[in-house]
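# Summary of structural features
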Amino acid sequence: MRKLFSVACLSLLFVLICAALWYRASTFVPSSPTHAPIHRIQVQTQAPTPSSYSSLRTLGNIHHLLIGTAVNADALQHDSQYRQILADEFSEAVPENSMKMDTVETGPSHYNFTQADALVAFALAHHMTVHGHVLVWANTTIPSWLQHAHFTRQEAMSLLHDYITTMVTRYRHRVTSWDVASEILSPSGSLRPCYWLQMIGPSYIALAFQWAHEADPSAQLYYNDYGIDTPGQKSHQAYVLLSTLLAQHIPITGIGFEMHELGYVLIPEQVISRTLQQFASLGLSVSISELDVSVYPYRGTLQQKVQYQAHVYGEVLRACLSLPQCTSFTMWGFTDRYSWVPQFTHHLDFPLIFDENYQPKPAYYALIHLLS
Ligand code: XIL
């Protein structure tokens, strides 16, 4: 009987100890201060909420993805709020106009690097990568002094050679990658008529890559264009052009898909990623190089417009994230205050991820959410 009583007591004691241990394990008492409230330990099972991160660039780092933006030279110089967000949110800076030939080479062999130098200095001071834009841009006017000059083919070649060599050498080891040839195909896929094509012939493209490579063998060299992100004539011709150049060992390391979404066409992520994949299979790095999403063509309330915009930004980012070769997700600016789109289309528009007053828009949160 006494034995039975002892066993019962021991069992009760055991149950009590277990209960005490369980209670202690399920609560967390901070060691100090003594009167602090008791908290339950929270096991984080969900993806972190946007507010738990400071920026796009932090999240991009986790995916080894550069989050880039075109940089407006005036804003960089005069707008401190612009500079703050640029440094906080972005890991890659692309000169919107500061490295274009008509900005830099103001006369034959006469250079003005003020804007370009300022951008590179700012970017490096804030641990950002610089992507140089652009050595040869076929879809634009060339500097007026060049337009009015009468050069021979040989002179035009040495002019382009000097320009490329000067730019790439000056920023060697500071500009990591370059758009060497941009918008060189017309919408039909043929070579776009331009000064260099007219003066040098189609070989100007291969020569530009070779000269850039000679000036900085470590720089990544990109072909960049719009209208090649979905299947079609232009995309096909771009593929043919790049395969041909690569077969000739022309040093091309990547392809930039501009993705100025200026018309209302909803392109599903799968379609974009399939096209990106095709180019990546040539051994190229891939980047989204100039994304902005016009809301003007979308019929709806302002609220619906910004939601649609967020959706498009999200689809493009998802396509990029689905591909290991997609190394940079770059937008053509970040605040509606300085977007080039309204001037280009002559419509009131809001194509970027921060509004005119630097408030993040749904598109910003869509990117944060996806990167999380
Ligand atoms: C645009 C700039 O954003 C404008 O400020 C400038 O007036 C014209 O050029 N594709 C490109 C970019 O490759 O260089 C263009 O930038 C936009 C289209």
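Just so we're clear, the structure is a prediction, and the values are computed from it rather than from any experiment. (Residues numbered from 1 in each chain as written. Predicted model: local features only at pLDDT ≥ 70, side-chain atom pairs only at ≥ 80, totals over all residues. Heavy atoms only, no water.)

The next point concerns the pairing of strand β10 (residues 285-293). Burial within β10 is extensive, with eight of its nine residues counted as buried. Two strands pair when backbone bridges link them, and strand β8 (residues 254-257) and β10 are joined in this way by four bridges, in the parallel orientation. Looking at the pairing, Gly256 lines up with Ser287 of β10. As judged from the two bridges shared by strand β9 (residues 260-261) and β10, these two strands associate in the parallel manner. The residue of β10 that forms the bridge with Glu261 is Val293. Pairing of β10 with strand β11 (residues 326-331) involves four bridges; the strand directions are parallel. Along β11, the bridge assignment pairs Leu291 with Met331. Taking the sense of rotation as the criterion, the β-α-β connection linking β10, helix α13 (residues 302-321) and β11 turns out right-handed. (Buried < 20%, exposed > 50% of the residue type's maximum accessible area, 1.4 Å probe, protein only. Helix = DSSP H or I, 4+ residues; strand = E, 2+ residues; numbered from the N terminus. Pairing = 2+ DSSP bridges. Right-handed = clockwise from strand over helix to strand, strands pointing away.)

Right, let's get into the confidence of the model for the chain. Per-residue pLDDT for the chain has a mean of 88; in total, 86% of the residues score no lower than 70. Taken together, the stretch residues 12-51 has pLDDT below 50 and engages in 14 contacts with residues farther than four places along the chain or on a different chain. (pLDDT = per-residue confidence, 0-100. Contact = heavy atoms within 4.5 Å.)

Here we take up the packing of aromatic side chains. For the coordinates displayed, the defined rule picks out 16 aromatic pairs. Ring centres of Tyr195 and Trp196 lie 4.9 Å apart, and the angle between their planes is 85 degrees; on these two criteria the pair is classed as edge-to-face. Residue Trp196 is classed as buried on the basis of its relative accessible area, which comes to 3%. Pairing Trp340 with Phe344 gives two aromatic rings, centres 4.5 Å apart and planes at 35 degrees, and the pair type is tilted. Given the relative accessible area of 23%, Trp340 is considered partly exposed. We note Lys234 situated over the ring of Tyr226; from NZ or CZ to the ring centre the distance is 3.6 Å. (Phe/Tyr/Trp six-rings, centres within 6.5 Å; stacked < 30°, edge-to-face > 60°. Lys NZ or Arg CZ within 6 Å of the ring centre and 35° of its normal.)

The next thing to look at is the pattern of salt bridges. For the structure on display, the rule yields five salt bridges. For Lys234, the salt bridge goes to Asp225, with nearest N and O atoms at 2.9 Å. The exposure class assigned to Lys234 is buried, which follows from its relative accessible area of 4%. The class for Asp225 is buried, based on a relative accessible area of 0%. When salt bridges that share partners are traced, they join Glu269, Glu315 and Arg318 into one network. (Salt bridge = Lys/Arg side-chain N within 4 Å of Asp/Glu carboxyl O.)

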